[in-house]
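The lines below spell out each chain.
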Amino acid sequence: MSLEAQAFIVFVLGMLVLMGIGMNMAFALLLTGAAMAWVMDFWDTQLLAQNMVAGVDSFPLLAVPFFILAGELMNSGGISRRIIEMAQTWVGHIRGGLGFVAIGAAVLMASMSGSALADTAALATILLPMMREHGYPMHRSAGLIASGGIIAPIIPPSMPFIIYGVTTNTSISALFLSGIVPGLMMGAALIVTWKIVLRGMDLQDNPPVPMSGRLRATGRAVWALLMPLIIIGGMKSGVFTPTEAAVVAAFYALVVSLFIHREMKISALHGVLVRAAKTTAVVMFLCAGAQVASYMITLADLPGVLGGWLGPLVENPRLLMAVMMIVLVLIGTALDLTPTILIFAPVMLPIAVKAGIDPVYFGLMFVLNGAIGLITPPVGTVLNVVAGVGRLPMHQVIKGVNPFLLSYTLVLALFVLFPQIVTAPVAWMR
Amino acid sequence: QDIKPRLIRFGYGLNEQSNQGRAAKVFADEVAKASGGKMKIRAIGAAALGPDNQMQQALIGGAQEMMVGSTATLVGISKEMAIWDTPFLFSNTKEADAVLDGPVGQKVMDKLQEKGLVGLVYWENGFRNLTNTKRPVTKLEDLDGIKLRVMPNDVYLESFKILGANAVPLAFSELFTALETKTVDGQENPYNTILSSKFYEVQKYLSVTNHVYSPWIVTVSKKYWDGLSKDEQKVLLDAAKKSRDFERQDTRAEAAKALADLKSKGMQINELTPAETARMRDKLTKINASIASNVGMDLWKETQAAVAQARGGK
Amino acid sequence: MNAPDNTLHPMQRIVHTLMATCLAVMATAVFLNVVLRYGFGSSVPASEELSRLLFVWMVFLGAAAAYPAGEHMAFTSLIGLLRHRPALFAVATLVIRLLVLLASVLLGRGAWQQVVVGMDSTSVVLGYPVGLLPLPALLCAVAIGATALWEIAQRKPLDLGHSAEVE
Ligand code: NA
Ligand code: NA
């Protein structure tokens with residue numbers, strides 16, 4: 001057996017066994033990389049340490065802590081709350097209105113924050129108690145909010161796109177642009193699904209808010225609404241790069257929170273910084289471990305080995321795409337988005353490119369699929385958040401999320417069949 | 001001959017199809033031939049072993065055997081390498097070859113040994129030239145106010161500031177996007193890079209400034225080198241020299257073709273008169289003084305003398 | 001999620017403050033460059049190098065602090081099934097900790113070698129010794145390795161409840 005094939009087997013076994021027994025993933029990746037180095041005759045502990053550090057030592061990745069910081073500030077400084085309140089005055093009165101509020105707010109907040117968990121937590125904290133009060137079935141409400149939360153990594157800015165872009169050397173700005181239309185379509189899919197599941201709910205409706213009240217709420221949210229304009233406008237017009245956009249978003253959120261909304265005290269800043277730094281450290285430590293494994297994956301040319309085995313599939317891009325999507329759905333049931341990107345993107349993308357699939361389109365599909373994995377059992381981090389905030393048993397949330405999961409799967413299938421839906425708008429916007 | 005079976009990992013940054021990749025292959029073939037197939041070079045491109053600075057640390061620590069990379073990234077390890085960053089040091093490749101392959105080039109290379117690296121030969125990356133979206137740079141004043149991306153390195157930053165541009169340091173990975181969105185107006189790189197990075201898609205004017213000559217340097221881990229026999233060292237050195245001669249010829253042919261390609265892709269190309277080049281050079285005396293004090297006045301003078309000799313001897 | 005600060009060990013509080021400081025300085029340095037470039041056509045060349053160095057420190061300090069709190073990402077569904085088989089669960093816990101110890105030793109050894117190698121080189125812009133980059137990885141490996149040893153000695157039960165907030 002060739003060294004490459006041996007390395008491949010070590011990789012698969014390492015991942016399955018070390019992760020399977022519940023070891024922390026960063027160290028599981030480090031040890032897997034070390035074992036691969038051993039069989040490939042590349043053993044040196046310096047290389048392990050060097051790559052751990054190199055996995056973090058990257059300027060574009062600085063966008064990760066900055067966007068996390070921006071998200072923390074948005075939640076602490078009342079920016080998220082004002083968006084939800086505004087959505088409520090406009091659509092809160094229609095039947096099932098709080099559901100539409102959740103969808104609208106999810107899409108708006110997605111255009112400011114890059115993290116599904118932060119958005120979900122904010123939506124669930126504010127909306128779930130209101131929905132309970134108005135007689136909404138809790139499992140459906142929780143399912144809807146979880147599904148709305150995962151729009152955040154699709155509409156720019158997006159932390160997973162940054163990690164994907166850095167891991168696979170794909171243009172982050174192109175990835176950002178590619179997410180706009182699919183993200184909006186996810187929102188549309190949720191609206192349709194919500195309308196269907198609404199039937200048969202016995203709901204207590206809100207009275208409509210007069211126009212003056214709507215305008216007042218919109219006025220209060222105006223600083224929040226300016227945020228996506230600044231982020232996307234600044235990036236498109238060249239005032240700053242995607243990495244810098246993240247830091248601009250954080251400073252904007254800070255100024256609005258401290259001086260305009262005045263909902264945050266400067267003394268609270270330390271806590272916000274610590275939380276953002278801790279979250280970042282855990283994500284990036286995983287990137288560090290993954291760098292060791294991906295260094296060895298590149299050296300062993302695993303994509304080449306795997307591509308050889310896939311053989312005839314590579315000649316049919318759409319079929320290959322469908323197969324890879326099914327594999328990713330399966331991976332997504334058990335693995336979170338970030339580790340999925342770090343471990344599988346470097347292996348899968350070269351095969352996709354070889355089959356003639358556009359790397360930006362592939363990136364969008366990969367991240368979209370991984371984001372859906374955040375709301376599939378058994379391991380769905382976003383489900384955990386909703387269950388935790390709403391104090392609901394996990395099996396209820398899983399039951400409630402099902403119809404939305406189905407609609408997202410249809411959206412995903414639509415993009416496999418018609419890649420133009422994704423690629424045409426990107427070409428037009430660039 | 002005292003030659004043992006050996007596997008040598010040779011890392012480089014560009015891909016296999018580049019001039020660097022082709023020359024690495026020539027080097028590998030030459031080593032195999034001269035050692036009767038006993039010494040095997042495993043050339044690994046596309047920065048799969050990491051960027052230049054990461055590979056350098058691996059060589060010093062003995063975790064990797066060989067690499068080729070930019071001399072500019074070695075400045076932090078051996079300050080004498082900064083001599084090659086001097087703007088307008090060489091006016092053509094003939095001067096560059098004479099000085100780099102002569103005693104001065106060897107002296108600078110030998111300084112690496114104290115730091116755990118053995119330099120074998122210099123390859124050519126190429127003369128750096130300037131592109132931008134604002135106007136053709138035909139004279140010194142044309143640089144005024146152009147927002148120019150330069151390598152994050154004090155010499156380049158200061159030089160272009162003195163020449164009147166707004167020099168901006170930016171990671172290479174962000175450069176294309178920054179040019180596309182006009183975060184910066186221009187950049188400077190060899191023709192081959194301008195072509196392979198598709199900068200012609202987002203840049204209009206290419207001005208042939210030849211403002212600095214960038215060499216690459218082939219290095220071996222000293223820990224590894226010291227464990228080789230004299231015969232084995234000779235195999236590597238001879239093969240490196242052959243790869244150097246091939247690489248320079250190949251790179252120059254490719255640069256000429258790249259320039260023609262850039263023209264056919266619609267870039268507007270202009271040359272700088274020798275008088276304007278001299279004006280720019282004269283403006284940079286302050287930079288030269290600081291380089292001279294960094295690398296040592298003796299080395300600076302020897303280099304200038306070697307350049308003058310090469311220039312006179314044509 | 002976040003324990004109130006007064007219940008924390010003083011050492012943890014120091015590490016938290018260091019991390020917060022790293023993040024604040026990084027953000028300010030990058031933001032300053034945007035303002036300088038857009039507003040004044042100039043920039044601080046040290047900004048990128050400084051923020052990358054601080055980033056590496058913040059991540060490895062944070063990774064060390066996250067380990068004892070059980071905040072690292074892990075796939076615990078399978079081992080969770082063993083919870084009601086105490087003997088098996090104890091064995092699995094021991095295996096995990098021995099593997100963590102092994103990983104710490106490998107990382108620590110390599111980082112130590114790279115610190116030594118890097119002390120002789122300086123960074124391009126700021127001129128700091130390059131050994132400062134692998135140094136936090138060394139500290140992190142020592143901290144996690146020591147914690148794992150202590151956990152093995154104390155037979156501390158494996159904590160499955162925590163999961164960090166990511167994505
Ligand atoms: Na987003
Ligand atoms: Na899942």
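Residues numbered from 1 in each chain as written. Chains lettered and ligands numbered in written order. Predicted model: local features only at pLDDT ≥ 70, side-chain atom pairs only at ≥ 80, totals over all residues. Heavy atoms only, no water.

1. Notes on the overall build of chain B
Consideration 1: Scanning chain B from terminus to terminus reveals twelve helices and nine strands.
Consideration 2: Taken over the C-alpha trace, chain B has a radius of gyration of 20 Å; the compact-globule value for 314 residues is 20 Å, and the two agree within 12%.
Consideration 3: On the principal axes, the C-alpha backbone points of chain B span a range of 60 × 40 × 35 Å.
Consideration 4: Counting over 314 residues, chain B shows a buried share of 59%.
Consideration 5: In chain B, of all internal contacts separated by at least 6 residues, the share reaching a separation of at least 24 is 75%.
Consideration 6: Carbon together with sulfur atoms contributes 53% to the accessible area of chain B, which is approximately 12400 Å² in total.
Consideration 7: Taken together, the 43 basic and 38 acidic charged side chains of chain B have centroids lying 1 Å from each other. (Helix = DSSP H or I, 4+ residues; strand = E, 2+ residues; numbered from the N terminus. Rg over C-alpha atoms; globule rule 2.2 N^0.38 Å. Buried < 20%, exposed > 50% of the residue type's maximum accessible area, 1.4 Å probe, protein only. Contact = heavy atoms within 4.5 Å. Areas by Shrake-Rupley, 256 points an atom, 1.4 Å probe, with all protein chains shown as cover. Lys, Arg positive; Asp, Glu negative; His and termini not counted. Charge placed at Lys NZ, Arg CZ, Asp CG, Glu CD.)

2. Some points on the coordination of the sodium ion (ligand 1)
All names here are of chain A.
Consideration 1: At this site the sodium ion (ligand 1) is bound by Ala110 (O), Ser113 (O), Ala152 (O), Ile155 (O) and Pro157 (O), with donor distances of 2.2 to 2.3 Å.
Consideration 2: The motif formed by the donor residues of the sodium ion (ligand 1), counted along the single chain, is A-x2-S-x38-A-x2-I-x1-P. Placement of Ala110 in helix H6 (residues 97-110) and of Ala152 in the loop between helix H8 (138-149) and helix H9 (159-168) is noted, with a sequence separation of 42 residues between them. Here Ala110 and Ala152 have matching classes, each one buried. (Donors = N, O, S within 2.8 Å, 3.2 Å for Na, K, Ca; no water.)

3. Focus on the coordination of the sodium ion (ligand 2)
Any two of four tetrahedral donors ideally make an angle of 109.5 degrees at the metal, while pairs among six octahedral donors ideally make 90 or 180 degrees.
Residue and element names in this part refer to chain A.
Consideration 1: In this structure, Gly332 (O), Thr333 (O), Gly373 (O), Thr376 (O), Thr376 (OG1) and Val379 (O) serve as the protein donors to the sodium ion (ligand 2), at separations of 2.2 to 2.9 Å.
Consideration 2: Summarised as a motif, the one-chain spacing of the donors to the sodium ion (ligand 2) is G-T-x39-G-x2-T-x2-V.
Consideration 3: Classification of Gly373 by relative accessible area gives buried; the value is 4%.

4. Remarks on helix H12 (residues 297-312) of chain B
Residues and elements named next belong to chain B.
Consideration 1: Compared with an ideal rise of 1.5 Å per residue, which puts 16 residues at 22 Å, H12 spans 22 Å between its outermost C-alpha atoms and is within 8% of the ideal.
Consideration 2: Regarding H12, the residues found buried are Leu299, Trp300, Thr303, Ala306, Val307 and Ala310. Looking down the long axis of H12, one finds its buried residues gathered within 130 degrees of arc, a one-sided arrangement. The exposed residues of H12 that point more than 90 degrees off its buried face are Asp298, Lys301, Gln309 and Gly312. (Expected span 1.5 Å × (residues − 1). Arc of directions from axis to C-beta.)

5. Structural notes on the pattern of salt bridges
Consideration 1: Following the criterion strictly, the structure yields 35 salt bridges over all chains and no others.
Consideration 2: Arg37(C) is the partner of Glu244(A) in a salt bridge, and the nearest nitrogen-oxygen pair spans 2.7 Å. On the criterion of chain membership, the pair formed by Glu244(A) in helix H13 (residues 242-260) and Arg37(C) in helix H1 (residues 10-40) is interchain, its members lying in two chains. Taken as a pair, Glu244(A) and Arg37(C) share a single burial class, namely buried.
Consideration 3: Salt-bridge contacts for Glu71(C) lead to Lys278(A); the nearest nitrogen and oxygen are separated by 3.8 Å. (Salt bridge = Lys/Arg side-chain N within 4 Å of Asp/Glu carboxyl O.)

6. Observations concerning the side chain of Asp142(B)
All names here are of chain B.
Consideration 1: If you trace the backbone, Asp142 turns up in the loop between strand E4 (117-132) and strand E5 (147-150).
Consideration 2: Exposure remark for Asp142: the relative accessible area of 10% places this residue in the buried category.
Consideration 3: Those residues in contact with Asp142 that lie beyond four places of it in its chain are Arg135, Pro136 and Val137.

7. Some thoughts on the pairing of strand E8 (residues 205-221) of chain B
Residue and element names in this part refer to chain B.
Consideration 1: With respect to burial, E8 is a largely interior element, 16 of its 17 residues being buried.
Consideration 2: As defined by bridge partners, E4 adjoins E8 across 13 bridges and the pair is classed as antiparallel. Looking at E8, one finds that Arg128 is bridged to Val212.
Consideration 3: Both E8 and strand E9 (residues 268-271) contribute to a ladder of four bridges, which runs parallel. Counted as the bridge partner of Tyr205 is Gln268 from E9. (Pairing = 2+ DSSP bridges.)

8. Notes on the interface of chain B and chain C
Consideration 1: If you look at the interface, chain B gives 21 residues, while chain C gives 14 residues.
Consideration 2: The contact between chain B and chain C buries some 1500 Å² in all, and 52% of this surface belongs to carbon and sulfur atoms.
Consideration 3: The tally of links from chain B across to chain C stands at one salt bridge.
Consideration 4: Between chain B and chain C we count three residue pairs in polar contact (both at pLDDT 80 or more) in total.
Consideration 5: Elements with a contribution of two residues or more to the side of chain B that touches chain C: helix H2 (52-61), helix H5 (154-162) and strand E6 (166-169) of chain B. (Buried area = accessible area lost by both parts, 1.4 Å probe. Polar contact = N/O pair within 3.5 Å; in protein donor to acceptor, adjacent residues only side chain to side chain.)

9. Looking at the UniProt feature "domain: TRAP C4-dicarboxylate transport system permease DctM subunit" (unreviewed entry) in chain A
Consideration 1: The positions UniProt marks with the feature "domain: TRAP C4-dicarboxylate transport system permease DctM subunit" (unreviewed entry) are residues 13-421 of chain A.
Consideration 2: As a span, residues 13-421 of chain A carries 76% helix and 0% strand, and end to end its C-alpha atoms are 38 Å apart. (UniProt positions renumbered as here; feature names shortened; annotations may be inferred.)

10. Description of the interface of chain A and chain C
Quoted interface sizes are often the accessible area lost when the parts come together.
Consideration 1: Counting residues at the interface gives 63 residues for chain A and 61 residues for chain C.
Consideration 2: Across the interface of chain A and chain C, roughly 5600 Å² is buried in total on both sides, 76% from carbon and sulfur atoms.
Consideration 3: Counting residues per element, the ones that place at least two in the side of chain A that touches chain C are helix H1 (3-20), helix H2 (25-39), helix H3 (45-54), helix H4 (63-76), helix H7 (116-133), H13, helix H14 (269-299) and helix H17 (337-354) of chain A.
Consideration 4: The leading source of residues in the side of chain A that touches chain C is H14(A), at 16 residues.

11. Overview of the environment of Ala278(B)
All names here are of chain B.
Consideration 1: By the element assignment, Ala278 lies in helix H10 (residues 274-283).
Consideration 2: The exposure class of Ala278 is partly exposed, given its relative accessible area of 32%.
Consideration 3: As for Ala278 and Ala165, which are separated by 113 residues in sequence, their C-alpha atoms are 17 Å apart.

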